[in-house]
Amino acid sequence: MPEGSKVLILEKNKRPLQKVKVSGGGRCNVTHFCFDPQKLVENYPRGSDFLLEPFGRFGPQQTIEWFNQRGVSIKKESDGRMFPDTDSSQTIIDCFLNEARRKKVELRILSKVLDFENSDDGWLVRLENEEIRTSKLLIATGSDKHIWERLKAMSLDIIEPVPSLFTFHIEDSALQGLTGTSFPEIVVRTKGLQSRGPGLITHWGMSGPGVLKLSAFGARAFFEKNYRFDINVDWLPRFSESDIINELKTEQASNPKKKVRNFTPLGLSKRFWEFICNKSHVSEHQNWSETGKKHFKRITESLKKMSFEVNGKSTFKDEFVTAGGISLEEVDPKTFQSIKYSGLYFAGEVLDIDAVTGGFNFQAAWTGGWHVASSIQCESRSRRFRK
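(A) Structural detail: the sheet that holds strand β13 (residues 193-202). Spatially, β11-β14-β13-β12-β15-β16 is the arrangement adopted by the 6 strands of the closed barrel, whose pairing is antiparallel. Adjacent strand axes in the sheet meet at a mean angle of 50° when their direction is disregarded. Examined bridge by bridge, strand β12 (residues 182-190) and β13 share 7 bridges and lie antiparallel to one another. Paired with Ser182 across the strands is Leu200, a residue of β13. Along the sheet, helix α8 (residues 209-217) contacts β11 (167-170), β12, β13 and β14 (205-207); its crossing angle with β13, the most-contacted strand, is approximately 135°. The strands touched by helix α11 (residues 270-279) within the sheet are β12, β13 and β16 (306-314), with β16 carrying the most contacts at an inclination of about 115°.

Shown next, in the form of structure tokens:
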């Protein structure tokens, strides 16, 4: 921030950065190992066009460098997610708090903003027992309905928020019997949408990055359907239908007298293979010699095109993400400043920006914060130069 600037952070909670604290299972998924802005924005169902140029100025590479310069090493995992070397979100929290102290930033906890309004000399912010005047106001309040309503009253366009990143409820007792079964990769399809990624069967249905990604891209469509829709699951996207049939035929030729259910093809668990056999009407004592083309077809369809009816959702309260917020048409992507109101800035989930899992939502927040600080700093330098 500019020399001589006074920065005050108003935090309504008892502890700051609690969303950072719980993210990534307490490890904090800081960003993602993707340094090409064109590819990076593909992970944002809302905000991709807006973020393209900002990511070119401050993206994952700059984020990693920022933390490295402050003594925090960031490591990459095989799936591209990036965490602090300590595997502790507290490392990231401590880094921010130490930097704030070093820059003499004042942090006030338990300070809920009741209202704010534009005034002749900047902005007036009202707390419960105090009023604060400031020339610049950054709103980084996340999914706060009170703040959105206040902005709406200022004639700013707010895209109605709906849940994103949720798991699918599926009422299927056989599927629920497979709770805890995971897959390195599945493809989930619904009308007009599909996603690919790791999958997990849970006691309420399906989860995992492959499902969460679909929930993000279909957030509004699923909301409009009251979270009741059909999906189609490919449990083995790495294998074609002909690959699977050839595997079955090979086993049939080698072991005609063995039971089909004793076979576990293509890396599947025995429990899941029995589930497939049940779905494909393969009897308990059926041998391979008794298995023909119809069974092969059913098994292949069960593995590649299994259908389910989704009848609800679950979200993780601490890591809740919404689709919606301040319309990006209200914001300058070069500065993250309001187009209508000078000195009013936005960053993070308060904007109509959201992403799939993997560190992308945090990266959008870091990018927005950097642009706000840079904009204020450039404006301050320009003002001093004119003097």
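(B) Molecular detail of the pairing of β12. Here β12 folds back onto β13 in antiparallel fashion, the turn holding 2 residues, of which Gly192 has a positive phi close to 80°. Looking at chain direction, β12 and strand β15 (residues 228-234) are connected through 3 bridges and run antiparallel. Bridging from a neighbouring strand, Arg189 pairs with Asn232 of β15.

(C) Region of the structure containing empty space enclosed by the protein. As enumerated under the stated definition, the model contains 1 cavity of 30 Å³ or more in all. Here the largest cavity is characterised by a volume of approximately 30 Å³. Lining the largest cavity are Leu51, Phe336, Ala347, Gly348, Leu351, Ile353, Ala364 and Gly368. Of the residues belonging to the lining of the largest cavity, the class tally is 6 nonpolar, 2 polar and no charged.

(D) Examining the environment of Lys213 more closely. Among the structural elements, Lys213 can be located in helix α8. In sequence terms Lys213 and Glu128 are 85 residues apart; their C-alpha atoms lie 40 Å from each other. Not counting chain neighbours up to four residues away, the residues in contact with Lys213 comprise Ser195, Arg196 and Val356.

(E) Geometry of unusual backbone geometry. We note that Asp87 has phi near 60°; this positive angle belongs to a residue other than glycine. Look at Leu110: it is not a glycine, yet its phi comes out positive at around 50°. Along the polypeptide, Leu110 turns up in the loop between β5 (106-108) and β6 (115-119). By relative accessible area, Leu110 is classed as exposed at 59%.

(F) Seen up close, the state of the cysteines. Following the criterion strictly, the structure yields 0 disulfides and no others. Unpaired in this structure, Cys28 has its nearest cysteine sulfur neighbour in Cys95, at a distance of 11 Å. By relative accessible area, Cys28 is classed as buried at 0%.

(G) View of the packing of aromatic side chains. Throughout the structure, instances matching the rule amount to 26 aromatic pairs. Judged by centre distance (5.3 Å) and plane angle (50°), the ring pair of Phe96 and Trp366 falls under tilted. Remark: Trp366 occurs in helix α13 (residues 360-386) and Phe96 occurs in helix α5 (residues 89-102); sequence separation between them is 270 residues. The buried category is assigned to Trp366, whose relative accessible area is 16%.

Rules and cut-offs
Residues numbered from 1 in each chain as written. Predicted model: local features only at pLDDT ≥ 70, side-chain atom pairs only at ≥ 80, totals over all residues. Heavy atoms only, no water. Pairing = 2+ DSSP bridges. Helix = DSSP H or I, 4+ residues; strand = E, 2+ residues; numbered from the N terminus. Axes fitted to C-alpha atoms, helices over the stretch in contact; angles between N-to-C directions. Contact = heavy atoms within 4.5 Å. 1 Å grid on protein atoms, 1.4 Å probe; cavity = no way out; pocket = protein on both sides within 12 Å on 5 of 7 lines; lining within 4 Å. Points joined across faces, edges and corners; volume = space filled by probe spheres on them. Nonpolar A, V, L, I, M, F, W, Y, C, P; charged D, E, K, R; others polar. Buried < 20%, exposed > 50% of the residue type's maximum accessible area, 1.4 Å probe, protein only. Disulfide = S-S within 2.5 Å. Phe/Tyr/Trp six-rings, centres within 6.5 Å; stacked < 30°, edge-to-face > 60°.

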